[in-house]
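# Examination of the molecular architecture
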Amino acid sequence: METKGLLFIPDISGFTRFVTESEISHSRLIIQELLELLINANQIGLEVSEVEGDAILFYKFGDPPELAELYKQVEKMFCLFHKSLMAYDKSRYCQCKACTSASGLSLKVITHYGEFTGYNVKNFSKLIGKDVIVAHQLLKNDIDQHEYWLVTKELLDDHPLADFTQWMNWNGSMKQTEAGEIHFHYTQLSELRNGISDDPLPQLDLSGKKKVYTVSKEYNTDIITLFHAAGAFEYRHRWWEGVKKVEESNHFLPRVGMRSTWTLDSGKVLYYSSSYSYADDQIEFSETDDRGDQVTCFTLRKIAGDSTSLTIDVYKTANWITNFLSKFSDQKKLESDLQRSLENIIPLLKEINIHRA
C-alpha cells in the first residue's frame, strides 16, 4: 500500500464572513455550487477525501507531480471559480445579501507532499497522518492577501521553483507549529482575474413576435416582495391559473438560463429564463418556452409610497395562426385567466410577509 502522495486543498477565502453575515439558504447553495465546480475541474486524477465546509481535501498517492502540471490545475480551478462568480453576479435574480456579496469570495490553494494513509469509518473514507495535519495547519498563516498558491518545501525537493507566467513572483515563508517549522513558498493568483473573459448575457429578441395579450395590477407591497412572489418558481403554481406544478431542471438559485418544467392542465411545457434587468424602481424578466414560440415578459414598477405594479405581456410567433386565434374567444379566455392569476398573488404576498416578520 502506498503511503506517500500529494495533498491538494482549494479553500474558499471569505467563507466565514459570507456565511455569518448573509442569508443561510442562498449562501449554502452558492458554496455548494462552487465546491462542485472545483471537484469537476479536477484534471490531474485527484481523489476527494472529504469536503470540509469551505474547502476540499484532494489527494493522490505516488510520486510528486511536476510543478508545471500542478500550476495548470491551480489555474483552472481559480479561473473557473471566478468565472462562475462573475457569471452569477451578472445573471442572478436575487438581491439578498448572500447573492449580492458572493462576488467577494476568492480561492487559495495549499499543496503539500508527505506521508499519509486512508481508513474507513462505516461508509466514510478518511485520511490520517502527520502530513494531513501539516496541510491543514497551513490554511492558517500570515499571508496578507487571500488568493494564492502555496507550495511546501517537500514538494520542491526534486522540483525547483519556476515562474510559469510573467507576473508570477514567489515569496518564501515559514509557519511555526508544535511539531516544528513548516517551510513553504507562495505566489499570489490575483493577476489571473485579468485573463478571465466576461461572457455577455443573451439579449431578448422579440423580432418576429406579436404581443397577443397584456394584463396588469397594482399591489400594496414593495417591489422586492412582489418580485419574490411573482418570479420564484416555487410559488408559480400557487397563483398562475392552470399551472399544477413547476419543477426546476437546473440551477437552484434563480438566474438567466435556469430551466423549469411546467405541468399544465394540457400537459408539460419546458421554459427557460431568457432575460433579466434590475433597478431600484423597476425589475424586468422574461421566460421563453423551449421551442421559442412564446415569450412572457414581466415588468415590476415601483409606484409612490409602498405600492408596486406588475405587468405581464405575452408574445407569440407572428404568423397566420396567431392572427387567426387572436380574433376568437380562446384568446380572451387566456387573458381573463391571467388577470385572475394576478388576483391570486394577493394572499401569497400576505403569507410571504408573515414569514418575513
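For every chain, the first residue of the written sequence is number 1, and numbering continues from 1 onward in sequence order. Local features in this predicted model are restricted to residues of pLDDT 70 or higher, and side-chain atom pairs are both shown and tallied only at a pLDDT of 80 or more, whereas totals for entire chains, interfaces and linings draw on every residue. Neither water nor hydrogens contribute to the side-chain values; these are computed over all heavy atoms in the structure.

## Digging into the pairing of strand E3 (residues 56–61)
In this structure, strand E1 (residues 4–13) lies alongside E3, joined through 4 bridges in antiparallel fashion. Among the inter-strand pairings, Leu7 is bridged to a residue of E3, identified as Tyr59. Here strand E2 (residues 47–51) runs beside E3; their pairing, made up of 4 bridges, is antiparallel. Within the sheet, the bridge partner assigned to Glu50 lies in E3 and is Leu57. Paired strands, in this sense, are two strands between which DSSP finds at least two bridges. What counts as a helix is a DSSP run of H or I of at least four residues, what counts as a strand is a run of E of at least two, and both are numbered from the N terminus. Here E2 folds back onto E3, and the loop between the two strands holds 4 residues, one of which, Gly53, carries a positive phi near 80°.

## Section: the sheet that holds strand E13 (residues 267–279)
The 7 strands lie next to each other as E10-E16-E15-E14-E13-E12-E11, forming an open sheet whose pairing is antiparallel. Each edge of the open sheet carries a strand with a single partner, namely strand E10 (209–219) and strand E11 (243–248). Each strand axis lies, on average, 25° off the axis of its neighbour in the sheet, ignoring direction. Relative to strand E15 (residues 294–303), strand E14 (residues 282–289) runs antiparallel, the two being bridged by 7 bridges. Its bridge partner lying in E15, Gln282 is registered against Arg301. Across the sheet, helix H7 (residues 223–231) touches E10, E13, E14, E15 and strand E16 (307–317), and the angle it forms with E14 is around 5°. Between N-to-C directions, angles cover 0 to 180 degrees, with each direction set by a line fitted to C-alpha atoms, over the stretch in contact for helices. Contacts are residue-level and defined by heavy atoms, with any inter-residue pair within 4.5 Å sufficient.

## Details of the sheet that holds E1
Pairing is mixed in the open sheet, where 7 strands are placed in the order E2-E3-E1-E4-E7-E9-E8. Since the sheet does not close on itself, it has two edges, and those belong to E2 and strand E8 (171–177), each with one partner. Neighbour-to-neighbour, the strand axes of this sheet turn through a mean angle of 25°, independent of strand direction. Where strand E7 (residues 148–152) and strand E9 (residues 180–188) come together, 5 bridges link them in antiparallel fashion. The partner of Thr152 across the bridge, within E9, is Phe184. Running over the sheet, helix H3 (residues 67–91) touches E1, E3, strand E4 (106–115) and E7 and is turned about 150° from E4. Here helix H5 (residues 130–137) sits on the sheet and contacts E1, E3, E4, E8 and E9; the angle it forms with E4, its principal contact strand, is near 155°.

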